[in-house]
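# Descriptive structure summary
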Amino acid sequence: MKIHLVDATYELFRAFYALPSMNAPDGRPVSAVRGLIQTLLKLLAQPDVTHVACAFDHGITSFRNDLFEGYKTGRDTPKDLASQFDLAEKASSALGIVTWAMTEFEADDALATAVAKWEYAPEVEQIVICTPDKDLCQMVRGKRVVCLDRRKRLILDEQAVVEKFGIPPQSIPDYLALAGDSVDGIPGIRRWGAKSASLVLARYSHLEEIPSSFSVWDVAVRGAKALATNLAQNRDDADLFKKLATLRTDAPITETLDDLRWCGAIE
């Protein structure tokens, strides 16, 4: 069997910006919810989709906001979109899909927890994380756990992650800590960018393994002295940013694998 894990927050945002506005008879905006239902029905219609779950950022903010003031808050989320989250979660549940509405944790943490919980289950052939979010690439394992960008019909297995970022999945949190992630409000370390982070981490894998002195680096990278100096001077920040970028695998998920079996919409 395959498990399909859906980043429903992403799907809701995508539907909101892709579809024309629409209101319910009581005046509430519902276009994003309508788009979410449509894309979930399309997913459920596929013959290999038997076990599925959706995760939402119910509260937008999470424990990460307590760790770093600059972390994303959802402050820029349009009101017409924010008002649809509750209805979207109800719609997902009404379709008979296991729905995780995260408050202290984020939707990504729920998906990561599900991967950790079932990736070694003998009856599971593959786990498909339905999202284009690079954060979840850290959970990719060989061809057994993959990310699927449904819009582009693009699958990222472990080799594809290496080809795209120049590093294996396990180094993604380190990569985001150094290069930053504007979507999540992680500023990164000054002078470090995607290329330098990729080159250095391809050699040293993790922040903790990067030598403080550039003179002992055995990887050729432009501006190595400045990169090493800035990292050495901002190690605490780098460690914090890595913690922010590292997905948790202890989110409160109590379902069994059999609970994820889709049996149709709730009547």
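Fair warning: this is a prediction, and the values are worked out from it, not measured in the lab. (Residues numbered from 1 in each chain as written. Predicted model: local features only at pLDDT ≥ 70, side-chain atom pairs only at ≥ 80, totals over all residues. Heavy atoms only, no water.)

### Examining the overall build of the protein chain
Assigned secondary structure in the protein chain consists of 11 helices and 6 strands. Relative to the compact-globule value of 18 Å for 267 residues, the protein chain shows a C-alpha radius of gyration of 20 Å, a close match. Considering only C-alpha atoms, the protein chain reaches an extent of 65 × 45 × 30 Å along its principal axes. Residue burial in the protein chain is summarised as follows: out of 267 residues, 49% are buried. Contacts in the protein chain between residues far apart in sequence, at least 24 positions, make up 68% of those at least 6 positions apart. Total accessible area on the protein chain is roughly 13100 Å²; 52% of this is exposed by carbon and sulfur atoms. Of the charged side chains in the protein chain, 31 are positive and 38 negative, and the gap between their average positions amounts to 6 Å. (Helix = DSSP H or I, 4+ residues; strand = E, 2+ residues; numbered from the N terminus. Rg over C-alpha atoms; globule rule 2.2 N^0.38 Å. Buried < 20%, exposed > 50% of the residue type's maximum accessible area, 1.4 Å probe, protein only. Contact = heavy atoms within 4.5 Å. Areas by Shrake-Rupley, 256 points an atom, 1.4 Å probe, with all protein chains shown as cover. Lys, Arg positive; Asp, Glu negative; His and termini not counted. Charge placed at Lys NZ, Arg CZ, Asp CG, Glu CD.)

### Observations regarding the nonpolar core
Soluble globular proteins tend to bury their nonpolar side chains together. Core analysis: the biggest nonpolar cluster contains 62 residues, and Leu5, Trp100, Trp118, Leu178, Trp192, Ile210 and Trp217 have the highest contact counts within it. A per-element tally of this core places helix α6 (residues 107–118) first, with 7 residues. Those residues in contact with Trp100, other than ones at most four positions away along the chain, are Leu5, Ala53, Cys54, Ala55, Phe56, Ala110, Ala114, Trp118, Ile253 and Glu255. Grouped together as the second largest cluster of nonpolar side chains are 24 residues, Leu12, Leu44, Val52 and Ala88 included. (Core = buried A, V, L, I, M, F, W, Y, C linked by side-chain atoms within 4.5 Å.)

### Observations concerning the packing of aromatic side chains
With the rule as written, the count across this model stands at 6 aromatic pairs. Aromatic side chains Phe16 and Tyr17 sit 5.0 Å apart centroid to centroid with 85 degrees between the ring planes, which places their arrangement in the edge-to-face category. Using a relative accessible area of 57% as the deciding quantity, one classes Tyr17 as exposed. Between the aromatic rings of Trp192 and Trp217, the centroid separation amounts to 6.2 Å while the plane-to-plane angle is 55 degrees, which identifies the pairing as tilted. Taken as a pair, Trp192 in the loop between α8 (172–179) and α9 (194–204) and Trp217 in the loop between α9 and α10 (224–233) lie far apart in primary sequence, 25 residues in all. Judged by relative accessible area, which is 9%, Trp217 ranks as buried. (Phe/Tyr/Trp six-rings, centres within 6.5 Å; stacked < 30°, edge-to-face > 60°.)

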